[in-house]
Amino acid sequence: MFKHILVPVDGSSTSQVAVGKATELAKAFDSTVTVIYVIDPYPFTGVGTDFAYGQAEYLSAATAEANAAVHAAKESLAASGVKVDTSVIEAHTAWRGIVEAGQSLKADLIVMGSHGRSGFEKLVLGSVAQAVLSHTKLPVLVMRD
């Protein structure tokens, strides 16, 4: 049923839950899993030139965090015998990177974590899972911690 599962990670405990569920599904359906981490290369767009000096430092730190997160997910999946690929993607927003990756990889399913924010926190920080659900035609399994 699901031959290619996309799992976006961010290093959080909820993304670890998603990796666990993707492992179960991949073993049941003999699926390949692609783990991605989306980096916004221009997170300070619109806040002025005062933040330009930190761009290189931000990208270096974000790339290190991304590599650590996809490596941990890959090790977990591979230890269970699942075929796994990884990728660090740059996109202006995380949800857009996830949706575009799902399309370009021809994924059958997206398994992702949701932090379950509500109220003011959701208004300020947004919901990546909600945006993915709103913009993709692929089935999405959202896991909560």
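Sequence positions are assigned chain by chain, starting from 1 and proceeding in written order. Note on the predicted model: pLDDT of at least 70 is required for a residue's local features to be given, and 80 or more for side-chain atom pairs to be given and counted; whole-chain, interface and lining totals, by contrast, use all residues. Note that water and hydrogens are dropped before the side-chain values are worked out from all heavy atoms of the structure.

Peer 1: Which parts of the structure should I look at to understand the overall build of the protein chain?
Peer 2: We count a stretch as a helix when DSSP gives it H or I for four or more residues in a row; a strand needs E for two or more, and each element gets its number in order from the N terminus. Helix and strand counts for the protein chain stand at 5 helices and 5 strands. Listed N to C, the secondary structure of the protein chain is β-α-β-α-β-α-β-α-α-β in terms of helices and strands. In these tables, accessible area is a Shrake-Rupley quantity obtained with a 1.4 Å probe, and a residue counts as shielded only by the protein chains included in the view. If you sum the accessible surface of the protein chain, you get close to 8100 Å²; carbon and sulfur atoms cover 54% of it.

Peer 1: Explain the packing of aromatic side chains here, please?
Peer 2: In this description, a pair of aromatic rings is defined by centroid distance and the angle of the planes. Whether two aromatic rings pair depends on their centres lying within 6.5 Å, for rings of Phe, Tyr and Trp, where Trp uses its six-membered ring; planes under 30 degrees apart make the pair stacked, over 60 edge-to-face, and the rest tilted. According to the stated counting rule, one finds 1 aromatic pair in the structure shown. Arranged with centres 5.5 Å apart and planes meeting at 85 degrees, the rings of Phe-2 and Phe-29 form a pair that is edge-to-face. A residue pair is termed long-range when its members are at least 10 positions apart, and Phe-2 in the segment before strand 1 (4-8) and Phe-29 in helix 1 (residues 13-29) qualify at 27 residues. Only protein chains enter the accessibility calculation, which uses a 1.4 Å probe. A residue is then buried if its area is under 20% of the maximum for its type, exposed if over 50%, and partly exposed in between. For Phe-29, a relative accessible area of 26% puts it in the partly exposed group.

Peer 1: What is the right way to look at the pairing of strand 4 (residues 109-114) in this model?
Peer 2: Consecutive side chains of a regular strand alternate in pointing toward one face of the sheet and then the other. Across the 6 residues that make up strand 4, a large majority, 6, are buried. Covered by surrounding structure in strand 4 are Leu-109, Val-111 and Gly-113 together with Ile-110, Met-112 and Ser-114, the residues of both alternating faces. With 2 bridges connecting them, strand 1 and strand 4 associate as parallel partners. Within strand 4, the position partnered with Ile-5 by the bridge is Leu-109. Of the strand pairs in this sheet, strand 4 and strand 5 (residues 140-144) are connected by 5 bridges, and their pairing is parallel. Bridged to Gly-113 within strand 5 is Met-143. For two strands to be treated as a pair, DSSP must find at least two bridges joining them.

Peer 1: Would you mind showing me how to read the environment of Gln-103 here?
Peer 2: By the element assignment, Gln-103 lies in helix 3 (residues 94-104). Of the residues examined, Gln-103 reaches a relative accessible area of 54% and is grouped as exposed. Gln-103 sits 33 residues away from Thr-136 along the chain, and the two C-alpha atoms are 8.4 Å apart.

Peer 1: Sorry if this is basic, but what is going on with the sheet that holds strand 4 here?
Peer 2: Strands in a sheet are paired, the pairing made by backbone hydrogen bonds, and the direction either parallel or antiparallel. An order of 3-2-1-4-5 is seen for the 5 strands of this open sheet, with the pairing classed as parallel. In this open sheet, the two strands that pair with only one neighbour each are strand 3 (83-90) and strand 5. Ignoring strand direction, the axes of neighbouring strands in this sheet form an average angle of 25 degrees. The pairing of strand 1 with strand 2 (residues 32-39) spans 5 bridges and is classified as parallel. Bridge pairing in strand 2 places Val-7 opposite Val-35. Lines are fitted to the C-alpha atoms to define the axes, a helix being fitted only along its stretch in contact, and any angle between axes, read from their N-to-C directions, falls within 0 to 180 degrees.

Purely spatial values, then, with no claim about function.
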